[in-house]
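Chain residues, written in single-letter form:
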Amino acid sequence: QVQLVESGGGLVQPGGSLRLSCAASGNFFGLSQMGWYRQAPGKQRELVAVINIGRDVDYSDYADFVKGRFTVSRDNDKDTVDLQMNSLNPEDTGVYYCYVKRLNKDYWGQGTQVAVSS
């Protein structure tokens, strides 16, 4: 089992920045992905950014709508995965969920609200 707790959401003006953090705990054996999804009001949950955990090196994938603006990173010592969000716009509003795949099972955090508005 893996437990995930997000933090860092809030209200920000267009053009501003936020940093989301996800603290993971539990059994990490077989971990293959860590990252972030989001769900805007009235829309389906969608991928934002994910780190594919390789044997020797990790590589990250980003949704087209966040490339160049968001950066996903993980800290193995602290067991966290963060999402740095810059140049935010109102379309980035939604609930952001931390996500982990372990032994082909998906684990989700409870979500943190991000609102981009003037």
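Just above, that's the structure.
Owing to the predicted nature of the structure, the values given are computational and were not obtained by experimental measurement.

Asks: Residues and numbers for the nonpolar core, please.
Replies: Counting 27 residues, the largest nonpolar core has Trp36, Leu83, Met85 and Tyr96 as the members making the most contacts within it. At the level of secondary structure, the elements contributing two or more residues to this core comprise β1 (2-7), β3 (18-26), β4 (31-39), β5 (46-52), β7 (70-75), β8 (80-85), β9 (94-102) and β11 (112-116).

Asks: Please provide a residue-by-residue account of the packing of aromatic side chains, values included.
Replies: Here the structure, examined in full by the defined rule, presents 3 aromatic pairs. Among the aromatic residues, ring-to-ring pairing joins Tyr37, Tyr99 and Trp108 into one connected group. Arginine 45 extends its terminal NZ or CZ atom over the ring of tyrosine 97, reaching a point 3.7 Å from the ring centre. In this structure, arginine 45 packs its charged tip against the face of tryptophan 108, placed 4.6 Å from the ring centre.

Asks: So what's going on with the sheet that holds β7? Residues and values would help.
Replies: In space, the 4 strands of this open sheet follow the order β1-β3-β8-β7, with antiparallel pairing throughout. Edge positions in the open sheet fall to β1 and β7, since each of these has one partner strand only. Adjacent strand axes in the sheet meet at a mean angle of 15° when their direction is disregarded. In the sheet, β3 pairs with β8 via 6 bridges, with the strands oriented antiparallel. Paired with arginine 19 across the bridge in β8 is glutamine 84.

Cut-off values and rules
- Residues numbered from 1 in each chain as written.
- Predicted model: local features only at pLDDT ≥ 70, side-chain atom pairs only at ≥ 80, totals over all residues.
- Heavy atoms only, no water.
- Core = buried A, V, L, I, M, F, W, Y, C linked by side-chain atoms within 4.5 Å.
- Buried < 20%, exposed > 50% of the residue type's maximum accessible area, 1.4 Å probe, protein only.
- Helix = DSSP H or I, 4+ residues; strand = E, 2+ residues; numbered from the N terminus.
- Phe/Tyr/Trp six-rings, centres within 6.5 Å; stacked < 30°, edge-to-face > 60°.
- Lys NZ or Arg CZ within 6 Å of the ring centre and 35° of its normal.
- Pairing = 2+ DSSP bridges.
- Axes fitted to C-alpha atoms, helices over the stretch in contact; angles between N-to-C directions.

Shape descriptors only; they carry no functional weight alone.
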